[in-house]
Amino acid sequence: MEAEIKNALDYILAEARKDVVSDLSSQITNDPKHAVRAVRRTLYKQILGGNINILRKKRAGRTGTVPASSRGRLKKTEQMLGYMGSDRGFILRFLNAGTKPRESSYMNAHLIRNGNRSSRGMIPGKDFFGPAAKAAINQVLPILQQKFDEIIQQQTN
């Protein structure tokens, strides 16, 4: 019975993850690094439960195992070309929380001494993940209840 419940939970979390990813894809229109792939589902081992999050890194092996020099590129070029995807959730957390207003750094100390400051701007937080995840979970809860009823009915017969 426990295995059937875990299978039902896994199915429900997969459905909820699909809903969250589709919501995020519609809100993040330009996603060249496929950050929405960072939405993870977790099924707990000790207790019957799970969650959907953007906090956990992927546990798979290193993504960029081939050194830049063997690909004929400089290390600086590799850094500029992009993000290897070891923690795509960083991009989602960054867009979800936003940034505070930033001004010029210590490297522009001569500007600060003369009273000139250069603003680097800010990214407003969108807070899209929490509402999307809650809506997806609430949407699949009736399906979970139905699956639990079926499992209980099978056990009683």
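Preceding this paragraph is the structure being described.
Definitions and limits used
- Each chain has its residues counted from 1, following the order in which its sequence is written.
- Local features in this predicted model are restricted to residues whose pLDDT is 70 or higher, and side-chain atom pairs enter the listing and the counts only when it is 80 or higher, whereas totals over whole chains, interfaces and linings include all residues.
- Side-chain numbers come from the whole structure's heavy atoms, not from hydrogens or water.
- Only DSSP runs of H or I reaching four residues or more are called helices, and only runs of E reaching two or more are called strands; each is numbered from the N terminus.
- Classification of residues uses two cut-offs on accessible area relative to the type maximum, computed with a 1.4 Å probe and protein chains only: under 20% is buried, over 50% is exposed, and between them is partly exposed.
- The contact definition used throughout considers only heavy atoms, calling two residues in contact when any of these lie within 4.5 Å.
- Accessible surface is estimated by sampling points in the Shrake-Rupley manner with a 1.4 Å probe; for residues, cover comes only from the protein chains shown.
- Only buried Ala, Val, Leu, Ile, Met, Phe, Trp, Tyr and Cys residues count toward a nonpolar core, and they belong to the same one when joined by side-chain atoms within 4.5 Å.
- Should a side-chain nitrogen of Lys or Arg be within 4 Å of a carboxyl oxygen of Asp or Glu, the pair is scored as a salt bridge.
- Interaxial angle, 0 to 180 degrees, is taken between N-to-C directions of lines fitted to C-alpha atoms, where a helix line uses only the stretch in contact.
- We call two directions roughly parallel when the angle between them is under 35 degrees, roughly antiparallel when it is over 145, roughly perpendicular when it lies between 65 and 115, and oblique otherwise.
- Here a crossing is called left-handed whenever its near helix is offset anticlockwise from the far helix by less than a right angle, and right-handed whenever the offset is clockwise.
- In this classification, Asp, Glu, Lys and Arg are treated as charged, Ala, Val, Leu, Ile, Met, Phe, Trp, Tyr, Cys and Pro as nonpolar, and every other residue, Gly included, as polar.
- Pairing of aromatic rings covers Phe, Tyr and the six-membered ring of Trp, with a centre-to-centre limit of 6.5 Å; geometry is then stacked below 30 degrees between planes, edge-to-face above 60, and tilted otherwise.
- Definition used: whenever NZ (Lys) or CZ (Arg) falls within 6 Å of the ring centre and also within 35 degrees of the ring normal, the charge is taken to sit over that ring.
- The term polar contact refers here to a pair of N or O atoms within 3.5 Å; inside protein, the definition further demands a hydrogen-donor-capable atom paired with an acceptor-capable atom, and it admits residues adjacent in sequence only when both atoms are side-chain atoms.
- The arc refers to the directions leading from the helix axis to the C-beta atoms.

Q: I'd like a rundown of the overall build of the chain, residues and numbers included.
A: If you tally the helices and strands in the chain, you get 5 helices and 4 strands. Traced from its N-terminal end to its C-terminal end, the chain shows the element sequence α-β-β-α-α-β-α-β-α. Burial statistics for the chain: of 157 residues in total, 27% are counted as buried. Long-range pairs, those at least 24 residues apart, make up 61% of the contacts in the chain between residues at least 6 apart in sequence. Accessible surface for the chain amounts to roughly 11300 Å². Of this, 53% is attributable to carbon and sulfur atoms.

Q: Describe the nonpolar core, and please don't skip the residues or the numbers.
A: By size, the foremost hydrophobic cluster in this structure holds 24 residues, and its most contacted members are Val20, Leu24, Val39, Ile52, Leu92, Phe128 and Phe129. Of all the secondary structure elements, the ones that give two or more residues to this core are helix 1 (2-27) and helix 5 (129-156). Here this core takes 9 residues from helix 1, the largest share from any one element.

Q: Help me get a handle on the pattern of salt bridges, residues and values and all.
A: Overall, the coordinates contain 3 salt bridges when judged by the stated rule. For Glu2, the salt bridge goes to Lys6, with nearest N and O atoms at 3.9 Å. Pair noted here: Glu2 and Lys6 are both in helix 1, with a separation of 4 residues, about one helical turn. With relative accessibility at 22%, the residue Lys6 sits in the partly exposed group.

Q: Lay out the packing of helix 1 against helix 5 with the relevant residues and their values.
A: The N-to-C vectors of helix 1 and helix 5 enclose an angle of 155°; their axes lie 8 Å apart at closest approach. Our classification of the angle between helix 1 and helix 5 gives roughly antiparallel. Of the two elements, helix 1 crosses helix 5, and the hand of that crossing is right-handed. The residue makeup of the contact of helix 1 with helix 5, split by class, is 19 nonpolar, 3 polar and 5 charged.

Q: Which residues make up the packing of aromatic side chains, and what values do they have?
A: Pairs of aromatic rings are described using the distance from one ring centre to the other and the angle between the two planes. Enumeration according to the criterion identifies 0 aromatic pairs in this entry. Between Lys147 and the ring centre of Tyr11, over which it is positioned, the NZ or CZ distance is 4.7 Å.

Q: Outline the environment of Ser25, listing residues and values.
A: Its place among the elements puts Ser25 in helix 1. In the structure, Ser25 is positioned 11 residues away from Val36 in sequence and 6.8 Å away in space, judged by C-alpha atoms. At 2.8 Å, the side chain of Ser25 forms a polar contact with the backbone oxygen of Val21.

Q: Summarise unusual backbone geometry; cite the residues concerned and give the values.
A: Peptide bonds are trans in most cases, and residues, glycine excluded, mostly fall at negative phi. In this model, Asp127 sits at a positive phi of 45°, which is unusual for a non-glycine residue. Tracing the backbone shows Asp127 in the loop between strand 4 (119-121) and helix 5.

Q: Summarise the environment of Arg40; cite the residues concerned and give the values.
A: On the secondary structure map, Arg40 appears in strand 1 (residues 40-43). Arg40 sits in the buried class, given a relative accessible area of 16%. Separated by 27 residues in the primary sequence, Arg40 and Leu13 place their C-alpha atoms 9.5 Å from one another. A distance of 3.1 Å separates the side chain of Arg40 from the backbone oxygen of Arg37, its partner in a polar contact.

Q: Tell me about helix 3 (residues 89-97), and name the residues and values.
A: Among all positions in helix 3, only Gly89, Leu92 and Asn96 are buried. Mapping the buried residues of helix 3 onto a view down its axis gives an arc of 60°, with all of them on the same face. Lining the buried residues of helix 3 we find helix 1 and helix 5. One or two residues past the end of helix 3 sits Gly98, with phi positive at roughly 80°.

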